[in-house]
2 protein chains.
Amino acid sequence: MNTIKIYHNPDKNTWNTLIQRPATDSFTLKNLVQTVFDKVKKEGDCAIREYTLQFDGVEINNFQVEKQEIHNAHKNLSDELKKAIQQAKKNIYTFHKTQEEEKKVIQTTKGIYCWRESRPIEKIGIYIPGGSAPLFSTVLMLAVPAQIAGCKEVVLCSPPDKNGNIHPAILYSASLTGITQIYKIGGIQAIAAMTFGTNTIPKVYKIFGPGNQYVTTAKQYAQELGIAIDMPAGPSEVLVIADKFANPAFIAADLLAQAEHGADSQVILLTDSLYMLEQVQKEILQQLKDIPRHALVKKALENSMLIYFNTLKTCFEFSNHYAPEHLIISIRGYRKWISYIENAGSVFLGKYTCETAGDYASGTNHTLPTAGYAKMYSGVSLDSFIKKITFQHISKKGLLNLGNTLQIMAENENLVAHKNAVTIRLNTIKKI
Amino acid sequence: MNTIKIYHNPDKNTWNTLIQRPATDSFTLKNLVQTVFDKVKKEGDCAIREYTLQFDGVEINNFQVEKQEIHNAHKNLSDELKKAIQQAKKNIYTFHKTQEEEKKVIQTTKGIYCWRESRPIEKIGIYIPGGSAPLFSTVLMLAVPAQIAGCKEVVLCSPPDKNGNIHPAILYSASLTGITQIYKIGGIQAIAAMTFGTNTIPKVYKIFGPGNQYVTTAKQYAQELGIAIDMPAGPSEVLVIADKFANPAFIAADLLAQAEHGADSQVILLTDSLYMLEQVQKEILQQLKDIPRHALVKKALENSMLIYFNTLKTCFEFSNHYAPEHLIISIRGYRKWISYIENAGSVFLGKYTCETAGDYASGTNHTLPTAGYAKMYSGVSLDSFIKKITFQHISKKGLLNLGNTLQIMAENENLVAHKNAVTIRLNTIKKI
C-alpha cells in the first residue's frame, strides 16, 4: 500500500499531468485491426470462422445461437438471478422511457411551423465481451433503450467460451429484451462482421458496447469507415469527493469496486479533510484483504490518487478538469454542490448511493464516457438509439412573412437559385 | 439536359447502386492533413502563419479579429441585411430554445431517485468556410444554440481573403451571437489549431462546421485524436417526393437551389406521376438559363436523377433507403405520409415550404447529415452543444429495496468488490 499516490494541495500547473489516464497503445493495434477487417470484408463467414478458431480457440460452424440454447438458458439460470435481472430491466426501462421527447410544434413566425420527431436507428449492433465476467448487465443497458426506441434489427455479438457457448445470463437478458439475433463471435472479427455484413451476420448502422483494446480500436476503425459508434472508450474510472462527515469504509469499498474492473482502471479520492484521507487509506488496506482479484486491484491502485485540497470548491474544480466517468459525492448538504458539477458521466449523491446501483439496476445507464470524454460526450441514453428529424410546414402567409428575409440572405450568400425558389413561390402567391 | 438521369420503376436490386453518392477521395488527402497537423502541433502560430501564406496567399501577423474590424462590419453592412440576419437569429433562437430539457426526477423504485441535468460543452470551435459564398447563415446555425447551451468559450475560425479580411456579414453574425474570439485562419491549419491549441488560438473540445474535403478530412483526423466533431460530412443533397398535384416550377427551383451548392451536390425527384416528371424536367431546362453558376449546376445535375415509381409508397421506401439530407414532400394530403419517413435530416412539408427557408431563417438547423448518415445521425441541435449527465440519490429505504438485486447481479458477474460496496452499506443500515 505504498503504491497509491497521495497529494496535498497539488499546484494547478501540475493538474494537466495529474489528470492523465494510464496510457493505452491503440495505435499499434491498428494494423492488426485493418488486416482482420480486410479479410472479413473479402472472405465473410470463412474469415470469421478462422479468426474464432485462432483467437477464441474454438471451432464454430453455426454462429447464430439457436432457440434451444436460449430455452436452456431460461431453464438453467437460478430464479434468484432471473428475478434480479427482471428488477434491473424494469428500472432501466422506467428511467429510459421518460427520455422520450414529446412532439412540440413551434410557430417561430406567424405561418412557420417547426418541430422534431424521433425515429429509431433501424439496425444496431451490440457487442458484449466474454471472459471471466459475463456482462449480462450491459445487455440490459443497451437492449432496453433499443427496444424503447423501436430499433427494428438488433444484433448481439459475444465471443464463445472454449465449449462454443455464450453465458446463459447473457442469453437470458438478451431474450428478455427482445433480441433474437445472437451470434457467437468476439473481438475484432465481430466488429468487422457488423461493419460489412456477411452471409450470416447483418451489417448495422451503429455499434454499441464495451470491450478490450482490440474491440475499442476496431470500433474506432469502423467509425472511420462510416459506421456510427456509441462513444470512444477507455478504462473505467471513479472520482469520489468526500468531506469529514463521509463514511470512510463506504468510500474505500467504492474505490475498490472500481479498481476490480481492470489493472488499467483509475480511482481517485478528493477531500478537504486530512482525517478522511487517512481513514480511507486505512480502510482500503483493510478491505483489500478480502478481495479475490487481488493482484489486479493492486495494479489499478498504482494508477490511483488520494488528494487533499484546502477547500471543497477546489475539489470540484479539479474534478471538472478530470471529467470522471463516475462521480461520487459524499458531502453533507451535497445538494448545494450539484451546480458545481460541469463534467462527469454519472453522479452518485449521498452516503448510500453506491456506484454499484448505477452499474446494475437503479435505472441509469452504465455505458458512460471515460478518459475525459465527459467533457464533450453524454453517456448512452435513449437518444443514442434514435435520430431526431426536424420538420417544417410554411403556409402562404408564413412565406409572405419570411420571404423577404430569405431572399436577402440568399442573395448576400451569392446563392441566386436559393433566392429563386422563394421568389417563384412569392410571385404565385401574390398573383392569387 | 441529356445529362440528368431518368429511371422508370428501377428494380430493387439496383437501389444500392442508385443511392451511391458522387465519390470523394478523402483518403488520399489524409497524408497532407497529417503533415499539417504535425507541423501545427510542433510549431504553433508560426506554422499557421506559413500555411496561411501558402494556402490563402496572404500574410497575416495578427490572426485575431480586432474590435475595430467588428465595429466596421456593423457600420458597413446594409440595414436590410442586418434586419434579415436579426429575424433569422430570432427564429433559430426560438426553435432551439424549446429543445432545452426539463429536469424530471424519476423514482424507479421506492427510495431510488434518478434524473438528468444538462451542462454546456465548455469550449467549442466553429469553422466557417470562405470563398465565393460568405456563409454567415452557418454562423447563426452554430453560434445560436451554443449561446443557448451556455458554452463558455466559443472560437470561430474562417479563412482570410486576399486582403486579410473576413466578410463583414460573418463578423456581424458572430458578434450578434456573442462570439468574441474570431480568427482569420482557414483550412486544415484551422482545424489543427483548434485541436492542439497554439499561443493565440485556444484548444477546444468539439469542432463544428462545414468545409471542403480538406476541412472534412481534417475534422475526421481531429476526431481520431480525441476531439469531438458535429458529424461526418459529405456534399449537400435534396430529395423531392411529388405527386401530380405538385407545382413543377417550384420543384425545379428547389432542385436547382440544391444543385448550385457545388458540382458534387446531388438532387433527386421521386414521383408517381409521369406527367410531373416531364414537367419538372422542362422547368429545370427553362430556369437553368437564368442561373449564374451555370457550369457548376450542370455538373451537379449529372449526378442527379428523376425517378418514376408506380406508387408513392415505393417513393418513400426508396427515400428511406437513400436517407436524404433534405427531404421535400410536395404531395396533396402530405400529413398521412409523415409516419412513412424513417431516415432524413430535415423535412419540408407542402408546396410553399421551400428548402431555402430551413437553410436560412425558419428556425430549424441547416447543419444536417449527408451521404446517408441520416440513417444514424441527427442534425445539429441544442443537444450537440451539451452533455446530459445522469444523477441519482438513494435513500436507506431505497438501498434496502434494491440491495438484494445488486448483490446477486454483482456476484454473478464475478465482481465481488462491487457486491461489497452494497453489503457494507446494508450492514450499517440494518445495525441502526
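Per chain, residues are indexed from 1 in the order of the written sequence. Each chain takes a letter, starting from A, and each ligand takes a number, starting from 1, following the order in which they are written. Totals for whole chains, interfaces and linings use all residues, but because this is a predicted model, local features are given only for residues with pLDDT of at least 70 and pairs of side-chain atoms are given and counted only at 80 or more. Hydrogen atoms and water are omitted, and side-chain values are computed over all heavy atoms in the structure.

A. Representation of the overall build of chain A in the model. Under the scheme used here, helices are H or I runs from DSSP no shorter than 4 residues and strands are E runs no shorter than 2 residues, and both carry numbers assigned from the N terminus. Scanning chain A from N- to C-terminus turns up 16 helices and 14 strands. Its C-alpha atoms put chain A at 85 × 60 × 45 Å along the principal axes. Using a 1.4 Å probe on the protein chains alone, a residue whose accessible area is under 20% of its type maximum counts as buried, one over 50% counts as exposed, and one in between counts as partly exposed. Relative to its 432 residues, chain A shows a buried fraction of 61%. Only heavy atoms matter for contacts: two residues are in contact if any of them lie within 4.5 Å across the pair. A fraction of 75% describes how many contacts in chain A between residues 6 or more apart in sequence connect residues 24 or more apart. The accessible surface values rely on the Shrake-Rupley method and a 1.4 Å probe; as for residues, cover is taken only from the protein chains in view. Accessible surface, chain A: about 16400 Å² in total, of which carbon and sulfur atoms supply 49%. Positive and negative side-chain charges in chain A, numbering 47 and 39 respectively, have mean positions lying 9 Å apart. The charged-residue count follows a simple rule in which Lys and Arg add positive charge and Asp and Glu add negative charge, with His and chain termini not counted at all. Where a charge lies is defined by one atom per residue type, namely NZ (Lys), CZ (Arg), CG (Asp) and CD (Glu).

B. Expanded view of empty space enclosed by the protein. In the cavity and pocket records, a cavity denotes points on a 1 Å grid over the protein atoms alone where a 1.4 Å probe fits but cannot get out, a pocket denotes an open set with protein on both sides within 12 Å along at least 5 of 7 lines, and lining residues are residues with an atom within 4 Å of a point. Grid points are joined across faces, edges and corners, and a volume is the space filled by probe spheres set on the points. Under the defined criterion, the tally for this structure stands at six cavities of 30 Å³ or more. What the largest cavity holds in volume is close to 80 Å³. Lining the largest cavity are A:Phe95, A:Thr98, A:Gln99, B:Glu101, B:Glu102, B:Lys103, B:Lys104, B:Ile106, B:Trp115 and B:Arg116. Residue polarity is assigned by list, with Asp, Glu, Lys and Arg as charged and Ala, Val, Leu, Ile, Met, Phe, Trp, Tyr, Cys and Pro as nonpolar; anything else, Gly included, falls into the polar class. For the lining of the largest cavity, the per-class residue count stands at three nonpolar, two polar and five charged.

C. Spotlight on the pattern of salt bridges. For salt bridges, the criterion is a side-chain nitrogen of Lys or Arg within 4 Å of an Asp or Glu carboxyl oxygen. Per the counting criterion, the structure on display carries 42 salt bridges over all chains. The residue B:Glu50 makes a salt bridge to B:Lys39 at a minimum N-O spacing of 3.4 Å. Pair noted here: B:Glu50 is in helix H3 (residues 45-56) and B:Lys39 is in helix H2 (residues 26-43), with a separation of 11 residues, a long-range link. Taking the relative accessible area as the measure of exposure, B:Lys39 reaches 21% and is therefore partly exposed. One network of salt bridges, with partners in common, ties together A:Glu101, A:Arg116, A:Asp383, A:Lys388, B:Glu101, B:Arg116, B:Asp383 and B:Lys388.

D. Representation of the confidence of the model for chain A in the model. Averaged over every residue, the pLDDT of chain A is 95; residues scoring 70 or more account for 98%. Taken over the whole predicted complex, pTM reads 0.96, whereas the ipTM for its chain interfaces reads 0.96. One confidence number per residue, pLDDT, is output by the predictor and ranges from 0 to 100.

E. Structural context of the packing of aromatic side chains. Residues and elements named next belong to chain A. Only Phe, Tyr and Trp rings are paired, with Trp represented by its six-membered ring, and only when their centres lie within 6.5 Å; those with planes under 30 degrees apart are stacked, over 60 edge-to-face, the remainder tilted. Throughout the structure, instances matching the rule amount to 26 aromatic pairs over all chains. Here Phe37 and Phe196 contribute two aromatic rings whose centre-to-centre distance is 5.8 Å and whose plane-to-plane angle is 75°, an arrangement assigned as edge-to-face. Here Phe196 lies in helix H8 (residues 187-196) and Phe37 lies in helix H2 (residues 26-43), a separation of 159 residues in the sequence. The exposure class assigned to Phe37 is buried, which follows from its relative accessible area of 0%. Overall, Phe196 belongs to the partly exposed group, its relative accessible area being 25%.

F. The interface of chain B and chain A, seen in detail. Facing 119 residues of chain B, the contacting portion of chain A comprises 119 residues. Once two parts are put together, the accessible area they lose, assessed with a 1.4 Å probe and summed over both, is termed the buried area. Counting each side, the surface lost to burial between chain B and chain A is near 10700 Å², with a carbon and sulfur contribution of 58%. A per-residue breakdown of the area chain B buries against chain A is headed by B:Tyr352, B:Gln392 and B:Arg425, which together make up 8% of the total. Here a polar contact means two N or O atoms within 3.5 Å. Within protein one must be a hydrogen donor candidate and the other an acceptor candidate, and residues neighboring in sequence count only if both atoms are side-chain atoms. On inspection of chain B and its partner chain A, the count reaches 66 residue pairs in polar contact (both at pLDDT 80 or more). The criterion for strand pairing is that DSSP finds at least two bridges linking the strands in question. Sheet topology places strand E13 (residues 346-349) of chain A next to strand E14 (residues 386-394) of chain B; four bridges connect them, and they run parallel. Across the sheet, the residue bridging to A:Phe348 is B:Gln392, located in E14(B).

G. Spotlight on the sheet that holds strand E11 (residues 305-308) of chain A. If you walk across this open sheet you meet the nine strands as E1(A)-E11(A)-E10(A)-E9(A)-E12(A)-E13(A)-E14(B)-E3(B)-E2(B), and the pairing is mixed. With partners counted over all chains shown, the strands left at the sheet margins are strand E1 (5-8) of chain A together with strand E2 (106-109) of chain B, one partner each. Along the sheet, successive strands turn relative to each other by an average axial angle of 20°, direction set aside. Bridge analysis of E1(A) against E11(A) gives four bridges, and the strand direction is parallel. Paired with A:Tyr7 across the two strands is A:Ile307, which belongs to E11(A). Between the N-to-C directions of two axes lies an angle of 0 to 180 degrees, each axis being a line fitted to C-alpha atoms and, for a helix, fitted only over the stretch in contact. Most of the contacts of helix H15 (residues 396-412) of chain B go to E14(B), to which it runs at about 90°, and overall it touches E2, strand E3 (112-120) and E14 of chain B.

H. Structural context of a positive patch on the surface. Patches in this entry comprise residues that are over 30% relatively accessible and not in a salt bridge; like charges within 9 Å are linked, as are nonpolar side chains (Val, Leu, Ile, Met, Phe, Trp, Tyr) within 5 Å. There is a patch of like positive charges on the surface, built from A:Lys244, A:Arg332, A:Lys351 and B:Lys396. In this structure, B:Lys396 sits in helix H15. By relative accessible area, which is 38% here, B:Lys396 ends up partly exposed.

I. Region of the structure containing the layout of surface pockets. Looking at the second largest pocket, its volume works out to about 280 Å³. Lining the second largest pocket are 18 residues, and of these A:Glu100, A:Glu101, A:Glu102, B:Glu101 and B:Lys104 sit closest to its centre.

J. Fine view of helix H5 (residues 79-97) of chain A. Multiply 1.5 Å by the residue count of a helix minus one, and that product is the helix's expected span. Here H5(A) is 19 residues long and its end C-alpha atoms lie 26 Å apart, about the 27 Å a rise of 1.5 Å per residue gives. Turning to H5(A), its buried residues number three or more, namely A:Leu81, A:Lys82, A:Ala84, A:Ile85, A:Ala88, A:Asn91, A:Ile92, A:Phe95 and A:His96.

K. Local environment of helix H12 (residues 294-302) of chain A. Among the residues of H12(A), those classed as buried are A:Val297, A:Ala300 and A:Leu301. Down the axis of H12(A), the buried set is contained in an arc of 100°. They therefore lie on one face. Read the arc as the range of directions from the helix axis to the C-beta atoms.

L. Summary view of the relation of the copies chain B and chain A. Residues below a pLDDT of 70 in either copy are left out; the C-alpha atoms of the rest, at least 70 in both, set the least-squares superposition of the copies. Of the transformation placing chain B onto chain A, the axial shift is 0.0 Å and the rotation is 180°, giving an RMSD of 0.0 Å. Here the copies are linked by what is in effect a two-fold axis. Here 100% of the interface residues in chain B have copies in chain A that are interface residues too; the copies meet face to matching face.

M. How the structure looks around the environment of B:Ile207. Residue and element names in this part refer to chain B. As for its position among the elements, Ile207 is in strand E7 (residues 206-208). Judged by relative accessible area, which is 0%, Ile207 ranks as buried. Through-space distance from the C-alpha of Ile207 to that of Thr217 is 13 Å; in sequence the pair is 10 residues apart. Ignoring anything within four residues of it in the chain, the contact list for Ile207 reads Gly125, Ile191, Met194, Thr195, Lys219, Ala222, Ile227, Ala228, Ile229 and Asp230.

N. Quick peek at the sheet that holds strand E4 (residues 123-127) of chain B. Residues and elements named next belong to chain B. With parallel pairing, five strands are arranged side by side in an open sheet as E6-E5-E4-E7-E8. Edge positions in the open sheet fall to strand E6 (181-183) and strand E8 (228-229), since each of these has one partner strand only. Packing against the sheet, helix H6 (residues 136-149) makes contact with E4, strand E5 (153-157) and E7, and its axis sits at approximately 170° to E4. In the packing of helix H8 (residues 187-196) onto the sheet, contacts are made with E4, E5 and E7, and the angle to E4 comes to roughly 175°.

O. View of the environment of A:Ile429. Tracing the backbone shows A:Ile429 in helix H16 (residues 416-431). Accessibility expressed as a relative area gives 9% for A:Ile429, which makes it buried. For the pair A:Ile429 and A:Leu349, spaced 80 residues apart in the sequence, the C-alpha separation amounts to 59 Å. Once residues within four sequence positions are removed from consideration, A:Ile429 is found in contact with A:Lys396, A:Leu399, A:Leu400 and B:Tyr352.

P. Looking closely at a nonpolar patch on the surface. All names here are of chain A. Where nonpolar side chains cluster on the molecular surface, the patch consists of Leu32, Phe55 and Tyr214 and spans about 260 Å² of accessible area. Tracing the chain through its elements places Tyr214 in helix H9 (residues 213-224). Looking at Tyr214, the relative accessible area reads 38%, which means it is partly exposed.

Q. Structural view of the domain arrangement of chain A. Residue and element names in this part refer to chain A. Residue ranges for the domains trace back to a domain assignment, done automatically or taken from a database. As far as domains go, chain A holds domain 1 (26-229), domain 2 (234-364) and domain 3 (395-431). The straight-line distance from the C-alpha centre of domain 1 to that of domain 3 is 47 Å. Facing the four residues of domain 1 at the interface are five residues of domain 3. Of the roughly 340 Å² buried where domain 1 meets domain 3, counting both sides, 63% is carbon and sulfur surface.

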